[in-house]
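Listed here are the chains, written in short residue letters.
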Amino acid sequence: VTNINNPCGVNGIRKIPEGKGISIFPNPVSNMAHISFSQVSSLPQMIEVFDYTGNKLSEYAIDANRSGIDLYTGNLPAGVYFVNYGNAVARFTKF
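Once a new chain begins, its residue numbering starts again from 1 and follows that chain's sequence as written. For a predicted model such as this one, the threshold for reporting local features is a pLDDT of at least 70, and the threshold for listing and counting side-chain atom pairs is 80 or more; totals across whole chains, interfaces and linings nevertheless cover every residue. Water and hydrogen atoms play no part in the side-chain values, which are based on all heavy atoms of the structure.

Let us now look at the pattern of salt bridges. Each reported salt bridge corresponds to a side-chain nitrogen of Lys or Arg within 4 Å of a carboxyl oxygen of Asp or Glu. Tallying each qualifying case throughout the model produces 2 salt bridges. For E48, the salt bridge is made with K56, and the minimal N-O distance between the two is 3.2 Å. The exposure class assigned to K56 is partly exposed, which follows from its relative accessible area of 44%. A salt bridge links E59 to K56, with the nearest nitrogen and oxygen atoms 3.0 Å apart. Think of it in three bands: residues with accessible area under 20% of the maximum for their type are buried, residues over 50% are exposed, and the middle band is partly exposed, with areas taken using a 1.4 Å probe on protein chains only. Overall, the relative accessible area of 43% leaves E59 in the partly exposed class.

On to unusual backbone geometry. The omega torsion across F25 and P26 is -10 degrees, close enough to zero to call that bond cis. With omega at 15 degrees, the peptide bond leading from N27 into P28 counts as cis. Helix and strand definitions follow DSSP, with helices as H or I runs of at least four residues and strands as E runs of at least two, each counted in order from the N terminus. Checked against the element boundaries, P28 lands in the loop between strand 1 (22–25) and strand 2 (32–37). With a phi angle near 65 degrees, N65 is a residue other than glycine that sits in the positive phi range. If you trace the backbone, N65 turns up in the loop between strand 4 (56–62) and strand 5 (68–72). Look at N65 and you get exposed, because its relative accessible area is 58%.

Structure, rendered in structure tokens:
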């Protein structure tokens with residue numbers, strides 16, 4: 001049975017506090033961005049890079065006990081991008 005008032009079944013949008021737990025600099029970026037994590041994990045983690053439409057462009061494995069990484073952005077066209085690290089999301093602009 002499909003709900004006519006909500007045919008897609010979407011019940012709401014969860015707002016993720018941007019920039020909590022992760023920071024990116026410089027911003028805007030040119031060819032290299034440094035991503036730092038405010039919470040260092042004792043377990044390996046993943047970061048994911050998305051474009052402004054939500055398409056996942058890449059993902060990277062992060063070794064345990066890392067407080068940050070350098071991300072090469074020279075292959076990205078100019079635009080707005082999002083980085084997801086656990087429950088943290090940060091935005092950067094590529095020029």
